[in-house]
Amino acid sequence: MTEITQFDQLDIGEELLRAVKEMGFSQPTPIQARTIPLMLEGLDVIAKAPTGTGKTCAFGIPLIECLNTACTDIQAVVVCPTRELCLQITEELRALARFRPDVRVVAIYGGQPIRKQLDALKKQPHIVVATPGRLLDHMGRGTAWLGNVYTAVLDEADEMLKMGFIRDVRKILNATPADTQIVMFSATISREVMDVSWEYQNAPEEITVAAEGDDRPDIAQFKMQAEGGARVQDMLDIIKALDLHRVMIFGNMKATVRQLDDKLRKRGLSVDCLHGDMPQSQRNRVMSSYRDGKLEMLVATDVAARGIDVDDVEAVFNYDLPDENEYYVHRIGRTGRAKRHGVAFTFYSPEDVFRLRDIAKYTRSDITPFTLNEARVPVLEDGTPIAAMLEAKETTV
């Protein structure tokens, strides 16, 4: 097979090529170069790829290219685990269809008024992006029929199945035709993912893309032992010393996120939070404010933050050490996007030492120890200011 290095080597229309160029993509990423030709051939695919490698365009381009817009049935369905990811995928698919006004894409997710979604489905969308529960709701109402779907995509399949959606996913796939193309994207190939693959895919092409070279985010990772409430002041001193203005902060629990948000607000900082107890409309407003640069800090739990795709996040703070190794990858992956440098700071307690070592081994990362000197400036153990280290990285590009 000829190596794909340019989008115009792919068998796609001029409208899609224009849209890709408008989106700022000069050449396909490895996951795109390998997935798009296979999907255009109608083959089933199971792809293991980390976040930030261009997965949405990898499946979005062939979905749009293969549409029969004269057909009024749903022709493609993308199922994902969270509302935020659902909205992010929908936004990117609409960007790809920018020069295809005949293509209709609809997002279906819990937490949004059902009436609004019913109205959207009445407009006969070609592509539906959905969370499992709400899609099943519409299928039960008879407002979403999957009997003419040619491609079903499961995005972040491992996370979706780990969250307990296995039965929902099976019901959705069972409602599609027997010859539907099934495409699965997953950061890890878990037993649950393999079970779904064995049951529903037909001789799938397997793709593995490692986060290496140009695809591996350039993220400097640091760790510091810090206790309880002291972490708030430590974090603010780091932000001040490095002159950071676009920050994401992760906590493990909703209560932690709420309390941290409150403490930062009381200091007059530009901050808001995301957690699972918030109404979807409020979560959407918070995310829009952060994307638009109206907020400098966003505090979030792991599930609430999945699917957040903001290119200019300068730094990520792990206020709590994540409970799962995969969560560490998703957290720090919010920075260092779009070929930018990123930086991640992790606070830990003495009892976290072995967990942190396990995370470093799992992610094959060098997580460098640091401290705050008497001037409250973050420095390495040898006294080198982290700011100088990061500046040196910038100048070597």
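Residues numbered from 1 in each chain as written. Predicted model: local features only at pLDDT ≥ 70, side-chain atom pairs only at ≥ 80, totals over all residues. Heavy atoms only, no water.

Draft legend 1. Here's a closer look at helix α4 (residues 83-96). Spanning 14 residues, α4 covers 20 Å between terminal C-alpha atoms, matching the ideal 20 Å at 1.5 Å per step. Within α4, the full set of buried residues consists of E84, L85, C86, Q88, I89, T90, E92, L93 and L96. (Helix = DSSP H or I, 4+ residues; strand = E, 2+ residues; numbered from the N terminus. Expected span 1.5 Å × (residues − 1). Buried < 20%, exposed > 50% of the residue type's maximum accessible area, 1.4 Å probe, protein only.)

Draft legend 2. Inspection of the pattern of salt bridges at higher detail. Taken as a whole and judged by the stated rule, the model has 19 salt bridges. Among the salt bridges present, the one from E84 reaches R283, with a minimum N-O distance of 2.8 Å. Here the residue E84 occupies a position in helix α4, and R283 occupies one in helix α12 (residues 280-291), the gap between them amounting to 199 residues. With respect to class, E84 is no different from R283; both count as buried. When salt bridges that share partners are traced, they join D234, D237 and R376 into one network. (Salt bridge = Lys/Arg side-chain N within 4 Å of Asp/Glu carboxyl O.)

Draft legend 3. Layout of the packing of aromatic side chains. Counted by the stated rule, this structure contains six aromatic pairs. Consider the rings of F59 and F185, whose centres lie 5.5 Å apart with planes at 50°: the pair is tilted. With a gap of 126 residues between them, F59 in helix α3 (residues 55-65) and F185 in strand β6 (residues 181-186) connect regions that are remote in the sequence. An aromatic cluster is present here, built from F222, F317, F345, F347 and F370 joined pairwise through their rings. Sitting over the face of the ring of F99, R18 holds its NZ or CZ atom 3.8 Å from the ring centroid. We note R246 situated over the ring of Y290; from NZ or CZ to the ring centre the distance is 4.3 Å. (Phe/Tyr/Trp six-rings, centres within 6.5 Å; stacked < 30°, edge-to-face > 60°. Lys NZ or Arg CZ within 6 Å of the ring centre and 35° of its normal.)

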